[in-house]
Amino acid sequence: DTTFTNYTTANGLSNDEIWYLYCDSKQRIWISTFGGGVTCYNAPAFFSYTPDDGLLEDSVNQVFEDHEGSYWFGHNTTGLSRFEPEYFEVITTDPVAEGGFTIDPEKRIWYGSFSKLGCSDEHTCTAMEMEAPINTILDDNRGGLWVGTYGKGLFYFPDRHTVDRDAPRQFTTEHGLNDLHIGALMEDRHGHIWLGADKTVYRYDGATFHNMFSHPK
């Protein structure tokens, strides 16, 4: 039989309001919270990190481990933190959207803010203005970058190396998207792009957006 074990602040969590869970390469569970920083569960012990340790703020909406074993934490209001893990480093103070950052094969960090698309590498951190608040970002296997927004649909940069020079292609209702609030992006093994919107799931095959599921109104 399946059983559930419940963990709360009484067991070592920094806060009972959980935003995100992430399993790292060492099979440790990172638990981001709203108001309690981030907690790492390395069975059987819990370890927590807060602004006292260098984290930008107590609310963390996303956690990601890169290829070198560094940990990245997104914050809705204050920006992006990196944990080495001996110390924290502030990467940007631009607010970072929930689900709004990714790491590409060149190990660059792409992040989405309210109306900025940012990129950080080992040496620099740059940002460009977008037409709408960014909800989610995806770097695909063909070298492109997809940006899902709130209210303006989907933007596509065919070459993520020229994002600062080339205008993106924008997909809206005239291309088959009836829902312009794009909250999630994923690429499948066939190279199709899946979009999660407010009430609709789409699949894009490179030519057409297919409505895979619509929630009843």
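It should be noted that the structure appears before, not after, this text.
Not measured: the values here are computed from a predicted model.

Reading the values: rules and limits
Residues numbered from 1 in each chain as written. Predicted model: local features only at pLDDT ≥ 70, side-chain atom pairs only at ≥ 80, totals over all residues. Heavy atoms only, no water. Disulfide = S-S within 2.5 Å. Salt bridge = Lys/Arg side-chain N within 4 Å of Asp/Glu carboxyl O. Buried < 20%, exposed > 50% of the residue type's maximum accessible area, 1.4 Å probe, protein only. Helix = DSSP H or I, 4+ residues; strand = E, 2+ residues; numbered from the N terminus. Contact = heavy atoms within 4.5 Å. Pairing = 2+ DSSP bridges. Axes fitted to C-alpha atoms, helices over the stretch in contact; angles between N-to-C directions.

Undergrad: Describe the state of the cysteines, listing the residues and the values that go with them.
TA: Joining two cysteines, a disulfide is a covalent bond between their sulfur atoms. All told, the structure shown has zero disulfides when counted by the stated rule. C40 takes part in no disulfide bond, and the closest cysteine sulfur to it belongs to C23, at a distance of 9.8 Å.

Undergrad: Outline the pattern of salt bridges, supporting the account with residue identities and numerical values.
TA: A full pass over the atoms with the stated rule returns 10 salt bridges. As a salt-bridge pair, D104 and R108 come within 2.9 Å of each other at their nearest N and O atoms. Here D104 and R108 have matching classes, each one buried. A salt bridge links E187 to R142, with the shortest nitrogen-to-oxygen separation between them at 3.5 Å. Here E187, found in strand β17 (residues 182–187), pairs with R142, found in the loop between β13 (134–139) and β14 (145–149); they are 45 residues apart in sequence, far enough to count as distant. By relative accessible area, which is 17% here, E187 ends up buried. Linked through salt bridges whose partners overlap, the residues forming this network are D104, E106, R108 and R160.

Undergrad: Quick one: what's the story with the environment of G74, residue by residue and with numbers?
TA: Topologically, G74 is positioned in strand β6 (residues 71–75). Between the C-alpha atom of G74 and that of V63, which follows or precedes it by 11 residues, the distance is 6.7 Å. Beyond its immediate sequence surroundings of up to four residues, G74 is in contact with S59, V60, N61, Q62, G79, L80, V96 and F101.

Undergrad: Can you break down the sheet that holds β17 residue by residue, with the values?
TA: Read across the sheet, four strands follow the order β17-β18-β19-β20 without closing on themselves; strand pairing throughout is antiparallel. Of all the strands in the sheet, just β17 and β20 (209–214) have a single pairing partner and so form its edges. For this sheet the average axis-to-axis angle between neighbouring strands, irrespective of direction, equals 20 degrees. Bridge count between strand β19 (residues 200–204) and β20: five bridges; the pairing is antiparallel. The residue bridging V201 from the neighbouring strand is F213, located in β20.

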